[in-house]
Amino acid sequence: TGSTRPQRLLKAVQKNASRGDPQSVISAIDRFCHSSEWAMNVGDEKGVILDSVVCEVSPGCALELGTYCGYSTVRIGRLLPPGAKLITLEFNPDYAKVARQVIDFAGLQEKVLLVEGPSGDLIPKMKEQYGITTFDLVFLDHWKDRYLPDTKLLEECGLLRKGSILLADNVICPGTPDYLAYVRSSPRYESKYFKSHLEYTKVEDGLEKSIFLG
Ligand SMILES: O=C(NC/C=C/[C@H]1O[C@@H](n2cnc3c(NCCO)ncnc32)[C@H](O)[C@@H]1O)c1cc(-c2ccc(F)cc2)cc(O)c1O
Ligand SMILES: [Mg+2]
């Protein structure tokens with residue numbers, strides 16, 4: 001049986017990146033996606049916007065919904081302040097297996113906790129099982145029709161505080177219309193669109209940054 005794209009992406013990291021060097025892992029994945037096979041990583045162009053938000057927020061505690069191969073996990077993890085933690089949720093065991101190896105190769109295993117399972121089940125357990133009070137930053141990049149329900153779940157579970165930042169990928173392509181309408185119309189959010197392009201293409205896409213007002 002042949003290899004999967006995530007497995008081929010991991011091979012490219014192991015071949016072209018340097019162990020313990022997150023930037024080299026990011027570059028190896030971007031090179032793989034530009035020259036060999038497109039993959040649904042946030043990518044280098046939107047990645048720079050993600051980096052700037054992570055640096056601005058400097059989160060003590062961050063959450064990522066949808067790890068996939070761990071590309072954005074490494075982008076976020078490499079910029080966390082000392083002692084800060086990133087929890088990333090992934091329900092596909094094959095993707096989780098690849099992502100763990102990518103995160104470990106980057107040397108970020110102390111800063112990143114990958115939890116396997118569906119976000120709908122795991123979010124309600126964050127306080128009790130993972131000792132979380134609130135998240136300073138949430139990066140949404142999982143199934144697009146789950147952005148809104150999971151945002152409401154985060155609110156209901158008291159996992160957002162005044163000033164918590166939600167950063168959502170793909171609000172144009174593939175698009176997250178219900179989520180976008182919600183954060184842009186709700187008085188509880190201050191929302192801003194960062195225009196960019198779909199990873200590794202010239203197609204328009206962008207990130208929506210929304211501040212929870214409490
Ligand atoms: O579909 C896209 N992303 C989905 C990511 C899914 C990952 O997240 C995991 N996941 C999903 N739901 C949950 C969940 N909870 C919800 C279910 O219980 N809990 C935990 N993990 C979850 C999956 O297992 C995957 O690892 C996308 C598409 C394009 C695209 C654009 C243009 C094209 F032409 C083609 C594709 C571009 C992008 O940047 C994209 O992010
Ligand atoms: Mg995405």
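This text follows the structure it describes.
Structural notes, computed from the coordinates. (Residues numbered from 1 in each chain as written. Chains lettered and ligands numbered in written order. Predicted model: local features only at pLDDT ≥ 70, side-chain atom pairs only at ≥ 80, totals over all residues. Heavy atoms only, no water.)

With that settled, consider the site of ligand 1. Neighbouring ligand 1 are 23 residues, the closest being E90, S119, K144, N170 and E199. Taking N170, its side chain carries an N or O atom lying 2.7 Å from an oxygen atom of ligand 1. Here ligand 1 has 820 Å² of accessible area as a free molecule, and 82% of this is covered by the chains. Elements that contribute at least two residues to the shell around ligand 1 include exactly β2 (85-90) and α9 (171-175). (Near = heavy atom within 4 Å. Polar contact = N/O pair within 3.5 Å; in protein donor to acceptor, adjacent residues only side chain to side chain. Areas by Shrake-Rupley, 256 points an atom, 1.4 Å probe, with all protein chains shown as cover. Helix = DSSP H or I, 4+ residues; strand = E, 2+ residues; numbered from the N terminus.)

For the magnesium ion (ligand 2), the full set of protein donor atoms is D141 (OD), D169 (OD) and N170 (OD1), at a range of 2.0 to 2.2 Å. Donor residues for the magnesium ion (ligand 2), ordered by position in the chain, follow D-x27-D-N. Here N170 lies in the loop between β5 (160-168) and α9 and D141 lies in the loop between β4 (135-140) and α8 (147-156), a separation of 29 residues in the sequence. Take N170: its relative accessible area is 4%, and that puts it in the buried class. (Donors = N, O, S within 2.8 Å, 3.2 Å for Na, K, Ca; no water. Buried < 20%, exposed > 50% of the residue type's maximum accessible area, 1.4 Å probe, protein only.)

Glancing now at the nonpolar core. By size, the foremost hydrophobic cluster in this structure holds 42 residues, and its most contacted members are V25 and I29. Mapped by element, the contributors of at least two residues to this core are α1 (5-16), α2 (22-35), α3 (43-57), α4 (71-77), α5 (93-105), β3 (112-116), β4 and β5. Dropping the residues within four chain positions of it, V25 is found in contact with V13, A17, V74, V102, F105 and A106. If you look at the next biggest cluster of nonpolar residues, it comprises 28 residues, including L140, L159, L160 and V171. (Core = buried A, V, L, I, M, F, W, Y, C linked by side-chain atoms within 4.5 Å. Contact = heavy atoms within 4.5 Å.)

Along the polypeptide, K46 turns up in helix α3. A polar atom in the side chain of K46 sits 2.6 Å from the side chain of D169. Ignoring any residue separated from it by four or fewer positions in sequence, one finds K46 in contact with D169, N170, S196, H197, L198, E199, D205 and L207.

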